[in-house]
Amino acid sequence: MAGTAGRAEKAMRAGHQASAGELLELVRSGRATTRGALQQATGLSRATVGQRLDRLFRAGWLREGAGGPVDSPQGGRPSITLEFDDEHAVVLAADLDTRHGRAAVVSLSGEIQAEHHGSLRIEDGPDAVLGELGRWFAELLEKAGQRADAVCGIGIAVPGPVDTDTGKVVQPPIMPGWDGYDIRGRLGRAFAEHAGIESAGGAGSATGAGVTRSGARIPVLVDNDANLMAYGEQRTGYPDCSAFALVKVSTGIGAGMVVGGSIYRGVDGGAGDIGHIRVGADALCRCGSYGCLAAVASGGAVARRLAESGVPATSGSDVRDLLTAGHPEAMALAREAGRQVGDVLATVVTLLNPGVLMIAGDLAGTPFLTGVRELLYQRALPRSTAHLDVVTSRLGERAGLVGAGALVVEYLYAPERVEERLAALGV
């Protein structure tokens, strides 16, 4: 909630009367959880607060909790607390890598209720991959004991730059056939087909999707995998960090940044693509250029060097397995790759000045992290690293799923969208 904190109070100072959506934001953030506290925070009358809350109760988005502290110093009955009802719907989340995919049913509070991980080759193209994801989603709902009309949204992380306004990837180096593809529409139709609900997705829809039996449109949100990993990790482990950076080193290399509680994407989704910074080497990158960081320091690059020396490895996940087994050559190459990435991250840290720099992905182990720290602290100014924590992932392979789920929840329950949804529900 850090990225949306304070909107209701700011609106009050501007003379605007708080909407039902703004009251819900105050409750969700924990800043006002009783009727009296909502009156105090917004300046609304008791009757008006009651009317706004009644709409949220009828939608099933709020519930009453246990009695809270007594509002009056003279004593009296304890005030009834208000809670966001995180059981009224679920989110479907997916995280695609180059060779594998992960999908889950996620509660509105971020709890994973059912999960599946399997082979999904991004090079097989969007039609096949998204069609299979739709089948996974339908099966996971059954496993979680949830109905299709409980789904309020779908979030998907992909390993490429995304224009979030359209939900399409833009010139992705490692996603052949995906450039400009209608991911929202195809995934919405695939889910609708396998879940047995009416499909209403397509290129003409703002967020793709299908329509449930209750008539509600299901939005599909698409973002870069490193962005959503960073979002999931920051929200769950470092909510007070105002500048958070995550670097994913797997088959490729990408970075996600959360600044002021919101994902920083740049003007068209291209922020964080550090794998294509030139580092002076002559290795050919998958993007077609020479000397990119990903061409010399990614999991794919380490796998290639291992294969050249006779060690069977073709991807970042193969390198991860070798590192887990303590393979000496893999560990040495991972440390060297960490030094190369650390050299680039010295510039990133100087520019962004983050409080947390998280290393994630297939290579995120001790050898790689040691290499990163060696060059990062050597090259960056002490002022840039004085308050910097360099850490590894807390959520591991679930980070992208958690981030995708959180993205959908924050989209759907933003104050302005709450008003639109309440109107559509007729409450």
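Structural notes, computed from the coordinates. (Residues numbered from 1 in each chain as written. Predicted model: local features only at pLDDT ≥ 70, side-chain atom pairs only at ≥ 80, totals over all residues. Heavy atoms only, no water.)

Remember that side chains alternate between the two faces of the sheet whenever the strand is regular. Sheet analysis places strand S4 (residues 100–107) next to strand S5 (residues 112–119), joined by seven bridges and oriented antiparallel. Bridge assignment links glycine 101 to a residue of S5, and that residue is glycine 118. (Pairing = 2+ DSSP bridges. Helix = DSSP H or I, 4+ residues; strand = E, 2+ residues; numbered from the N terminus.)

Turning our eyes to something else, we now look at helix H12 (residues 366–379). Over its 14 residues, H12 extends 20 Å from the first C-alpha to the last, a length consistent with the 20 Å expected when each residue adds 1.5 Å. Looking at H12, one finds that the buried residues are Pro367, Phe368, Leu369, Gly371, Val372, Leu375 and Leu376. Contacts made by the buried residues of H12 are with strand S12 (243–249), helix H8 (293–297), helix H11 (328–352), strand S15 (356–360) and strand S16 (389–392). (Expected span 1.5 Å × (residues − 1). Buried < 20%, exposed > 50% of the residue type's maximum accessible area, 1.4 Å probe, protein only. Contact = heavy atoms within 4.5 Å.)

A word on the sheet that holds strand S13 (residues 253–259). Strand order in the open sheet formed by five strands is S14-S13-S12-S15-S16, with mixed pairing between adjacent strands. The strands lining the two open edges of the sheet, one partner per strand, are strand S14 (262–263) and S16. By the bridge criterion, seven bridges tie S12 to S13 in an arrangement that is antiparallel. From the neighbouring strand, lysine 248 faces S13, where its bridge partner is glycine 254.

It is worth spelling out the packing of helix H7 (residues 225–237) against helix H14 (residues 399–412) at this point. Interaxial distance between H7 and H14 falls to 7 Å at its minimum, and their mutual angle equals 80°. Here H14 runs roughly perpendicular to H7, going by the angle between their axes. Residues Leu228, Met229, Tyr231, Gly232, Glu233, Arg235 and Thr236 of H7 form the contact with H14, whose participating residues are Ala399, Gly400, Val402, Gly403, Ala404, Ala406, Leu407 and Glu410. Of the residues contributing to the contact of H7 with H14, the split by class is eight nonpolar, four polar and three charged. (Axes fitted to C-alpha atoms, helices over the stretch in contact; angles between N-to-C directions. Parallel < 35°, antiparallel > 145°, perpendicular 65-115°, else oblique. Nonpolar A, V, L, I, M, F, W, Y, C, P; charged D, E, K, R; others polar.)

Let's shift gears to the sheet that holds strand S6 (residues 151–158). Taken together, five strands build an open sheet; the order of strands is S5-S4-S3-S6-S11 and the sheet is mixed. Of all the strands in the sheet, the pair left with one neighbour each is S5 and strand S11 (220–224). Adjacent strand axes in the sheet meet at a mean angle of 15°, parallel and antiparallel pairs treated alike. Here seven bridges tie strand S3 (residues 90–96) to S4, and the two strands are oriented antiparallel to one another.

With seven of seven residues buried, S12 is to be regarded as a mostly interior element. Count of turn residues in the S12/S13 antiparallel hairpin: three residues. Relative to S15, S12 runs parallel, the two being bridged by five bridges. Of the residues in S15, the one forming a bridge with alanine 245 is leucine 357.

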